Every structure is written in structure tokens, then in C-alpha cells.
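# Examination of the molecular architecture
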Amino acid sequence: MRKKIVAGNWKMNNGVQETEKLINEVKDSISILDQKNVRVIVAPSFVSLTSALENAKNSKIEVAAQNMHQEKNGAYTGEISAEILRSIGIKTVILGHSERRQYFGENDKLIAKKIDAALANNLEIIFCFGELLDQRKLENHLLEVGSQLKNSLFHLKAEDFKNIILAYEPVWAIGTGETATPEQAQEMHAFVRNVLANKFGEKTANSISILYGGSVKPSNAEEIFSKEDVDGGLIGGASLIAEDFVAIIKAI
Ligand code: PGA
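So, a few notes on the structure that sits alongside this text. (Residues numbered from 1 in each chain as written. Predicted model: local features only at pLDDT ≥ 70, side-chain atom pairs only at ≥ 80, totals over all residues. Heavy atoms only, no water.)

## Comments concerning the site of the ligand
- The environment of the ligand is made up of 13 residues, and the closest members are Lys11, His97, Glu169, Gly175 and Ser215.
- A distance of 2.7 Å is found between an oxygen atom of the ligand and a side-chain nitrogen or oxygen belonging to His97.
- Expressed as a share of its isolated accessible area of 290 Å², the protein-covered part of the ligand is 95%.
- Its residues assigned to classes, the shell around the ligand shows 4 nonpolar, 7 polar and 2 charged. (Near = heavy atom within 4 Å. Polar contact = N/O pair within 3.5 Å; in protein donor to acceptor, adjacent residues only side chain to side chain. Areas by Shrake-Rupley, 256 points an atom, 1.4 Å probe, with all protein chains shown as cover. Nonpolar A, V, L, I, M, F, W, Y, C, P; charged D, E, K, R; others polar.)

Here it is in C-alpha cells:
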């Protein structure tokens, strides 16, 4: 059975004290839930990772990084490598987020290199992809997503997908309050699974968790999560408020 996953992407929010507070609030609220097949992940800033790991100990909460550099080490001022993440006990990293693509010029090819570096260091990846508003309007969304998947994932082996979680995040729905309809999400998730089935086989495609991200909140989570190919969510804004994040976890 595919794992259900609710992941919170905190982006550039929360210092160390706020991280501790938020993690502990979430931890206390979900300790009474019995959701064995559900993973809960939070991704604070690099600076707060150690403290997040410490505070999440002996709880259901896992801690992920939001990004990493593709090179092993060296003269890359201000960057963090897979190895450095591993050294503090991080096991999961978000790669290919649309904000990285949009504001930091990351493209499919670079993201493919980051994926290789993460896998080489035994890091699990939450790989984000999604179309822009114009591409959706022109009905090119499937074409665009197909090409992102091809460019960043098609060089991998089927077994690599044991360490990959996918997150479909239509760029027009991120932080805008506008959400894809459950039908739009389902259409894309089924398409993605089909693309992966053709390339890597049914078994691999059926075992991959595909999350939806883009303005998920307590009021729409349940409907989106009810779709067959939606295995959870990558949550931005709503993951910064313990009550909302916990409500989304309950919705799954
Ligand atoms: P949002 O962000 O929930 O604030 O739209 C989602 C994301 O960027 O992962």
C-alpha cells in the first residue's frame, strides 16, 4: 500500500525558537492520532534543522531540508551539500520547488544533478514539478509536466523510486489561495503515474506517493485527498499554523 504523506514546507519562515514551538505544538496534537500509514514531515530552514530534529525525537514527525547543492563539497559559498545534511541526521530533502526554479534559476537539468547527488548520499527526495498559469491556460499542462519528469527523472533506475516522493504543485496555485480542483489534481496525478508506468513499470508507478501542493488548507484538504491518485499534500502557508497543519493531517 502506498504511504500517505503530509509534508509542511516552511520556506523562509521561523527561527529556532519558533521552530521548537511549532514542532512541539504539532507533536502534542498528533500524539493521540493513530495513523500508521501516514507520514508527517516538516521542512524548516537550514538553520533550524538541528533543533527541529532534536524536538521531533520520539515522535511521528520527520524533518526534511528544503534544498541542497548538487556538488559534493568545495568552493560554493553559502551552499549546503547532501553530505552536510546527512551529517546532522537529515534523511529527506525537497528538490525542484517552483520557487527555486523561479527565483534561483534552477532548471530540470540542474535538478536532475541534485537528485543524483541526493540519491548517492542516501537521501530521500520530495521532487516538485508543475506548470505555470499560461501553460495551464493553453492546455499545455500535461505536456509541460511530462517534460519536467522526463528531464529530471528518466535517467534513473526503477529501484531509485524507493527514495522518491513526487509533489505536483501547479505554480498558479502556490501561495495564491487558488487551489487546483480535486479533478484537476486527479487528472495530473493519474497522468504522472501513467508516464512513470510506461517508463519504469506498473509496480514502480503504483508504489510512488504523489502529493498535491498549492494552497491546501483545512477547508479543502479532505476533498483533494479523497482522489485516488492523490497520496497526500505538500503544504506551505497552512503548515505554519499548528492547528491548520494538524487539521490537514487529520483530513488524510
Ligand atoms: P502553499 O505552498 O500551500 O502556501 O500554496 C505550497 C508549496 O509551495 O509547497
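Next, the rest of the story.
## Things to note about the pattern of salt bridges
- Throughout the structure, instances matching the rule amount to 14 salt bridges.
- One salt bridge connects Lys21 with Glu25, and the closest N-O pair in it is separated by 3.2 Å. Here Glu25 and Lys21 lie together in helix α1 (residues 16-30), a separation of 4 residues that amounts to about one turn.
- Judged by its relative accessible area of 56%, Lys21 is exposed.
- Of the residues examined, Glu25 reaches a relative accessible area of 31% and is grouped as partly exposed.
- Among the ionic pairs, Lys227 bridges to Glu183, the shortest N-O distance being 3.5 Å. Residue Lys227 is located in the loop between α10 (218-225) and β8 (232-235), and its partner Glu183 is located in helix α8 (residues 182-200); the two are separated by 44 residues in the primary sequence.
- The exposure class assigned to Glu183 is partly exposed, which follows from its relative accessible area of 47%.
- Several salt bridges share partner residues, and in doing so they unite Arg2, Arg193, Asp229 and Asp231 into one network. (Salt bridge = Lys/Arg side-chain N within 4 Å of Asp/Glu carboxyl O. Helix = DSSP H or I, 4+ residues; strand = E, 2+ residues; numbered from the N terminus. Buried < 20%, exposed > 50% of the residue type's maximum accessible area, 1.4 Å probe, protein only.)

## Some details on the pairing of strand β1 (residues 4-9)
- Counting buried positions along β1 gives 5 out of 6 residues, so the element sits mostly inside the fold.
- Two elements, β1 and strand β2 (residues 38-43), share 6 bridges in a ladder whose sense is parallel. Along β2, the bridge assignment pairs Val6 with Val40.
- Once you follow β1 into α1 and on to β2, the crossover reads as right-handed. (Pairing = 2+ DSSP bridges. Right-handed = clockwise from strand over helix to strand, strands pointing away.)

## Details of the sheet that holds strand β7 (residues 210-213)
- Reading around the barrel, the 8 strands line up as β1-β2-β3-β4-β5-β6-β7-β8 and close back on themselves, with parallel pairing between neighbours. Going across the sheet, the axis of each strand differs from the next one's by a mean of 30°, ignoring polarity.
- Where strand β3 (residues 61-65) lies against strand β4 (residues 92-95), 2 bridges are found, and the strand directions are parallel. Across the sheet, Ala65 pairs through a bridge with Val93, a residue of β4.
- Against the sheet, helix α5 (residues 108-120) contacts β4, β5 (124-129) and β6 (164-168), and its axis sits at roughly 165° relative to β5. (Axes fitted to C-alpha atoms, helices over the stretch in contact; angles between N-to-C directions. Contact = heavy atoms within 4.5 Å.)

## Focus on α5
- Here α5 is 13 residues long and its end C-alpha atoms lie 18 Å apart, about the 18 Å a rise of 1.5 Å per residue gives.
- Every buried residue belonging to α5 is among Asp108, Ile111, Ala112, Lys114, Ile115, Ala117, Ala118 and Leu119, and all of these are buried.
- On the buried face of α5, the contacting elements are α3 (82-87), β4, α4 (98-104), β5, α7 (141-153) and β6.
- Directly beyond the C-terminal end of α5, a positive phi value near 60° is found at Asn122. (Expected span 1.5 Å × (residues − 1).)

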